Amino acid sequence: MTLQALARPVPARSWRVVAESYGQELVILGALIVLFVGVGLYNPRFLSSTNLTSVFVGNAFIAIAAIGMSMVIISGNIDVSVGSLIGVLGTIAGTLAVNGYPIIVCWLVPILIGVVINAVVGVLVAYARIPSIVVTLGMLSILKGGLISATGGAWISNLPPEFMLAQFRLFGLPSSIYFMVILTVAAALWMRYSTFGRTIYAIGGNPEAARVTGIRIERSVVAVFAIHGMFAGIAAILFATQLQVIQSTVPPNLELTVITASVVGGVSILGGTGTVIGSTLAAILFAAIGSSLVFLNVSAYWLRAVQGLMILATVLADMARRRRI
Amino acid sequence: MSDLIALSGISKSFGPVKVLKEVSFDVKPGEVHALLGENGAGKSTLIKIMAGVIGADSGEMKVNGQAVKFASPREAAAHGIATVYQELLLFPELTVAENIYLGHAPKTRWGMLDWSAMRAGARALLDSLDSPDLDVDVLVGKLSVANRQRVEIAKALSQDAKLVIMDEPTAALADADAKRLMAVVKMLRDRGVGIVYVSHRLPEIFALADRVTVLRDGAYVGTRAISDVTEADLVSMMVGRAIDHLFPKVDVPRGEVVLEVKNLAYRDVVQDISFSLHAGEILGIAGLVGSGRTELALTIFGITPATSGEILLDGKPVAIKSPGEARGLGIAYIPEDRGLQGLIRPQTVRENVSLAIIDRIAKALVVDRGKEAALARDAIARFGIRTRGPEQRVRQLSGGNQQKVVLAKWVAAEPRVLIMDEPTRGIDVGAKAEIHALMSRLAGQGLAVLMISSELPEVLGMSDRVLVMRGGRIVATFDRDQATPDAVGSAMTAAKRGQSLESAGAAAE
Amino acid sequence: MTAALDRVLRHESILGLLLIATLAVLAGQSEAFFTADNLLNQGRLMAEVGLVTLPMTFVIITGGIDLSVGSIFGLCCILLGVFWQKVGMPLPVAMVAAILMGGVAGLGNGIIITRFKVPPLIATLATLALYRGLAEGIAQARSVRGYPDWFFQLGQYDFLGAPTQLWILIALFIAAAFVLGMTTFGRTIYAIGSNEVAARFSGLKVDRAKLVIYGTSGLISGLAAVIFVSRVSTTRSDMGTGLELDVITAVVLGGTSIFGGRGTIIGTGLGLILMQALKNGLALAGVKGDGTIVVIGAVLIAAILIGNLLSRNGDG
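All values derive from a computational prediction rather than experimental measurement. (Residues numbered from 1 in each chain as written. Chains lettered and ligands numbered in written order. Predicted model: local features only at pLDDT ≥ 70, side-chain atom pairs only at ≥ 80, totals over all residues.)

1. A word on the overall build of chain C
Okay, so step 1: Looking only at helices and strands, one finds twelve helices and two strands in chain C.
Okay, so step 2: Going from N to C terminus, chain C has its helices and strands arranged as α-α-α-α-α-β-β-α-α-α-α-α-α-α.
Okay, so step 3: By the compact-globule yardstick of 20 Å for 316 residues, chain C fits well, its C-alpha radius of gyration being 19 Å.
Okay, so step 4: Along the first, second and third principal axes, the C-alpha set of chain C runs to 55 × 55 × 35 Å.
Okay, so step 5: For chain C, buried positions account for 55% of its 316 residues. (Helix = DSSP H or I, 4+ residues; strand = E, 2+ residues; numbered from the N terminus. Rg over C-alpha atoms; globule rule 2.2 N^0.38 Å. Buried ≥ 20, exposed ≤ 12 C-beta atoms within 10 Å, placed from the backbone.)

In structure tokens form, the structure reads like this:
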């Protein structure tokens, strides 16, 4: 006798439940719409296709890195070294390209290295029980220092045109946008429909319960970091190929921008909640805010202060929400 | 019929403390086997061994006749053992359906989660538990305690468990919910599931169990068919001796009123509390977990300052907004959770004993080490703390000695009112008697003692008067000679009218 | 000496030996290392980081962290220039005002942490962005130069034969060691880090202590900023970027547990000197500046890894 045989039809998920579980995503979507309409009315050039394309193309890699970051944060950890990792992997990709390696190698090897480096981070966090903030702070300085002392911050130019992944276009749209959309949707589906995806939520939400439920926490944490490394690798390839040259340094404050996108996108910094759709929307929102400051004649130097305020407001709202649950 | 699970000669120690000594236990299919014992008797440890959370040091465990050694909860689950923990190990940010199926979710052909099967299965399980009102898509964090428990049970059933272990499932439930739960247990039993049922509530055990096993101080006392025993038999098996000898309450002349509380309330968790406490008196507060007893203590002590009502000390109204202020006014609180709230376990006996009066033994903010060491040596002698000396770390002491350190810390602050919350939880009988003797001595010196306890024998044995709390209110008051187990027990559990504990439980989170 | 103190000091002894070994190796490597000039100069260079490690030790012992110190440092640099040149305050007043604003920024962290119960890591990560953003916004990429000569006494000149800021560091070092080791406040700090709930239940003023240490962290970051401006004669909004990493590394290297409850100022001092010696020694050995931060990152991870392996007997 199976239970299903006895079952009455299950009512569909109520609208209230759906709206609740995607609350933050809806808020950001609303903010995006308000921003586009508001700034567009003030200065219609903001909505020109050139500007919109540049907003998306220039920031797609941040959204992609934020997918992996979201998974790491949902699992209850954090990674402050992702900016340095992207810098290092981008430089490796460029160096391989100018040295004539096959393009596919130039694209895949950095992604693989990203997976390996972050798997090591994961092992240090999960098995050696060093807090992720400490491991990644250390990793940040190792990667950053290693990169600059190896290259001296030199620019890599004369990149072969077939290497420039981010500049490919399909149906008139740059490839970055496809990457961003496809990876976000794929990751979102995977987080919702795979056992491993749900495991990540479980570990971040209640580690003790996860252990008693029989989830192998250590292994899962290593896997989460490794997957995060893969997304960082893809982000690095897009980052490295958007301009004709690669400046082999670490993009300043990139890790912070990525973490901010995740957190503002609804990924609770205490772990256990959030979606990658939210983080991608938040990354777009940031890019749009940055761009709109220009069209609103506000000095771009205020951008980070605005970002800081947003991150703070989101964190405070998250704490308030958690106290209600 | 063969045993679903059979344990024999199981022993377990945590550091120097032996928590299980040669315990045997078995469960047959379609049987409810109650596990009974006082706090600290070793029930939880035994459950955890069966659930694969911890391993036994020695002894044998057989499942369906096969010897097993579980390395993880996952292996226990694979053998058809599911546990409903007291602290309800659920994931607040996941939905009901996901919580039920986490770790063994139905998959689609492509290996992805089958959400529709998951939701349908969850729906069917909850319906079969007589909970058609519970939405499978809602986040578990938003549910009441009773509903979370239903989710836990559905989770156990979804794993097709042959043996379900229930750790004090009714401890936090209002009566109506407890009855519903007991109906579910009977239903499971009739389906042929074996059930390990841990509870303090003797009436429940008589209503549900087929057999009962009693543990005391980690030792196996015996297993009886429920038809062969009376409540009195079980109590004496649990306690090991007659109650009168255990509680050395000395009669002390009642002094002036020290603490008076008028219409005190904290949100809707503690409501309309009024009582007065005299010097030299031990006032017991009885009530179930979640009845608002601890919350009342926290309100008087300033952790959760009162939202309305009055507190008077020596007849003068006082406002207590923080534990520091309470301490300054001469109120001390020995908390419920010794490890979490009472002690700095990685620190030494000396540092712990001086913690509450650190500013009093300092000169111009500099800690006087000599005075501090003298204080610690004095406390060790006075309270009979068994330790290598003032510099031993508190975490290395046994439960009873840790409790004495907490007591010493607060007595050093020379309080006039001493609130003790579960003063002997989880400590062995010998140390228990010592704590009771200390309590009696302190009252004899004129301290006003407010004692909260889940253990009815303790409340009845130690108190001059007993207040009974339920649903955040005082529902009955007894003098020592009127306080019989029956009278107090029925006041604690009487069915509620018009208000459910569920709402109080939800607000407390 | 008591057994407890013995155990606490064991890490410091190991660190002391490690330091002596490092110094010996470095002295053997380069003649230039063990000269009075070089050592005093190293003292000058490490003063800013060293100052900030003192309150950071308190913060980490309570089980918290302050990632915003570098941003507060940058903000105070900018504010010093702005207060003096744009607002027209006399320079001494501007110095005090900039330092006080650091204190306000730190207090802001404390309020977010105590009042809104935001975990310190997140709270200060947010203010790291916010304070740096304010620095950039206020500065608008302009720097302020042209300070009067007397101002450089603080950062560039000597006092009684040693760099002025080294004296300030030593004085505050002694004060911090005294407060943490001997006073009731220090005891409160350790109690919070070992078991915050029990500290609260023992009547200790937990929130007030946290406000004080995060406020002080901001205040000292401001002081370090003023000394830094005096040393380099200019202000820029990116000053102090990554300062938090150096500071946290020195503190953790010095034996303070990132989980709280354990650590000493002496240890932090040794950690700081070891880190500076490594930087200087590697530089003298021809490693470029950025190579040294690789070593520091590796040392940070290794120090905690070894610490974890050695103290597996803790009860969490």
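Read on, since the account is not over.
2. Some details on the sheet that holds strand S11 (residues 257-266) of chain B
Residue and element names in this part refer to chain B.
Okay, so step 1: Across the sheet, four strands lie side by side as S12-S11-S14-S15; this open sheet has antiparallel pairing. Each edge of the open sheet is held by one strand with a lone partner, namely strand S12 (270-278) and strand S15 (316-318). Direction aside, the axes of adjacent strands within the sheet are offset by 20° on average.
Okay, so step 2: With five bridges connecting them, S11 and strand S14 (residues 308-313) associate as antiparallel partners. Residue lysine 262 lies in a different strand from S14, and its bridge partner there is glutamate 310. (Pairing = 2+ DSSP bridges. Axes fitted to C-alpha atoms, helices over the stretch in contact; angles between N-to-C directions.)

3. Concerning helix H9 (residues 206-232) of chain C
Residues and elements named next belong to chain C.
Okay, so step 1: Here H9 contains 27 residues, and its C-alpha end-to-end distance of 39 Å stays within 8% of the 39 Å for a straight helix at 1.5 Å per residue.
Okay, so step 2: Buried residues dominate H9, accounting for 21 of its 27 residues.
Okay, so step 3: Positive phi appears at serine 233, one or two residues downstream of H9, with a value of about 65°. (Expected span 1.5 Å × (residues − 1).)

4. Some details on the nonpolar core
Okay, so step 1: In terms of nonpolar packing, the biggest core is built from 355 residues, with Ile64(A), Ala65(A), Ile419(B), Cys76(C) and Leu80(C) touching the most fellow members.
Okay, so step 2: Apart from the residues within four sequence positions on either side, Ile419(B) is in contact with Ala297(B), Ile300(B), Phe301(B), Ile331(B), Ala332(B), Tyr333(B), Ile334(B) and Leu450(B). (Core = buried A, V, L, I, M, F, W, Y, C linked by C-beta atoms within 7 Å. Contact = placed C-beta atoms within 7 Å.)

5. What to know about the interface of chain C and chain B
Okay, so step 1: In this assembly, 21 residues from chain C lie in contact with 26 residues from chain B.
Okay, so step 2: Secondary-structure elements contributing two or more residues to the side of chain C that touches chain B are helix H1 (3-29), helix H7 (184-194) and helix H8 (196-201) of chain C.
Okay, so step 3: In terms of residue count, the dominant contributor to the side of chain C that touches chain B is H7(C) (five residues).
Okay, so step 4: For the side of chain C that touches chain B, the per-class residue count stands at eight nonpolar, nine polar and four charged. (Nonpolar A, V, L, I, M, F, W, Y, C, P; charged D, E, K, R; others polar.)

6. Looking at the interface of chain A and chain C
Where interface size is given, it is often the accessible area lost as the parts come together that is meant.
Okay, so step 1: Counting residues at the interface gives 38 residues for chain A, matched by 35 residues for chain C.
Okay, so step 2: Top contributing element to the side of chain A that touches chain C by residue count: helix H7 (residues 132-151) of chain A, with 14 residues.
Okay, so step 3: Residue composition of the side of chain A that touches chain C, by class: 26 nonpolar, nine polar and three charged.

7. Some points on unusual backbone geometry
Note: most peptide bonds trans; most residues except glycine with negative phi.
Residues and elements named next belong to chain B.
Okay, so step 1: Notably, asparagine 64 is not glycine yet its phi reads approximately 50°, a positive angle.
Okay, so step 2: Inspection of the secondary structure puts asparagine 64 in the loop between strand S4 (58-63) and strand S5 (66-67).
Okay, so step 3: Residue classification places asparagine 64 among the partly exposed residues on the basis of 15 C-beta atoms within 10 Å.
Okay, so step 4: The backbone phi angle of asparagine 263 is positive, close to 50°, even though this residue is not glycine.
Okay, so step 5: Relative to the assigned elements, asparagine 263 resides in strand S11.

8. Describing the packing of helix H6 (residues 164-182) of chain C against helix H11 (residues 265-284) of chain C
Okay, so step 1: Closest axis-to-axis distance for the H6(C)/H11(C) pair is 9 Å, and the angle between their directions is 145°. Here H6(C) contributes Phe173(C), Ala176(C), Ala177(C) and Leu180(C) to the contact with H11(C), which in turn contributes Ile265(C), Ile266(C) and Gly269(C).

9. Topic: the sheet that holds strand S22 (residues 473-479) of chain B
Residues and elements named next belong to chain B.
Okay, so step 1: Sheet architecture is open: six strands sit in the order S16-S19-S20-S13-S21-S22, paired in mixed fashion. Bordering the open sheet on either side are strand S16 (331-334) and S22, each of which pairs with just one other strand. Averaged over all pairs of adjacent strands, the angle between their axes in this sheet comes to 20°, without regard to strand direction.
Okay, so step 2: One ladder, built from five bridges, connects strand S19 (residues 417-421) with strand S20 (residues 448-452); its direction is parallel.

10. Structural notes on the environment of Arg395(B)
Okay, so step 1: As for its placement among the helices and strands, Arg395(B) is situated in the loop between helix H14 (369-383) and helix H15 (399-412).
Okay, so step 2: A sequence separation of 343 residues divides Arg395(B) from Gly52(B), and the C-alpha atoms of the two residues are 25 Å apart.

11. Focus on helix H2 (residues 36-61) of chain C
Okay, so step 1: The sharpest bend along H2(C) reaches about 50° and sits at Ala47(C).
Okay, so step 2: Immediately downstream of H2(C), the backbone of Gly63(C) shows phi near 90°, a positive value. (Bend = angle between axes of the 7 residues up to and from the residue.)

Honestly, it's all geometry; don't read function into it.
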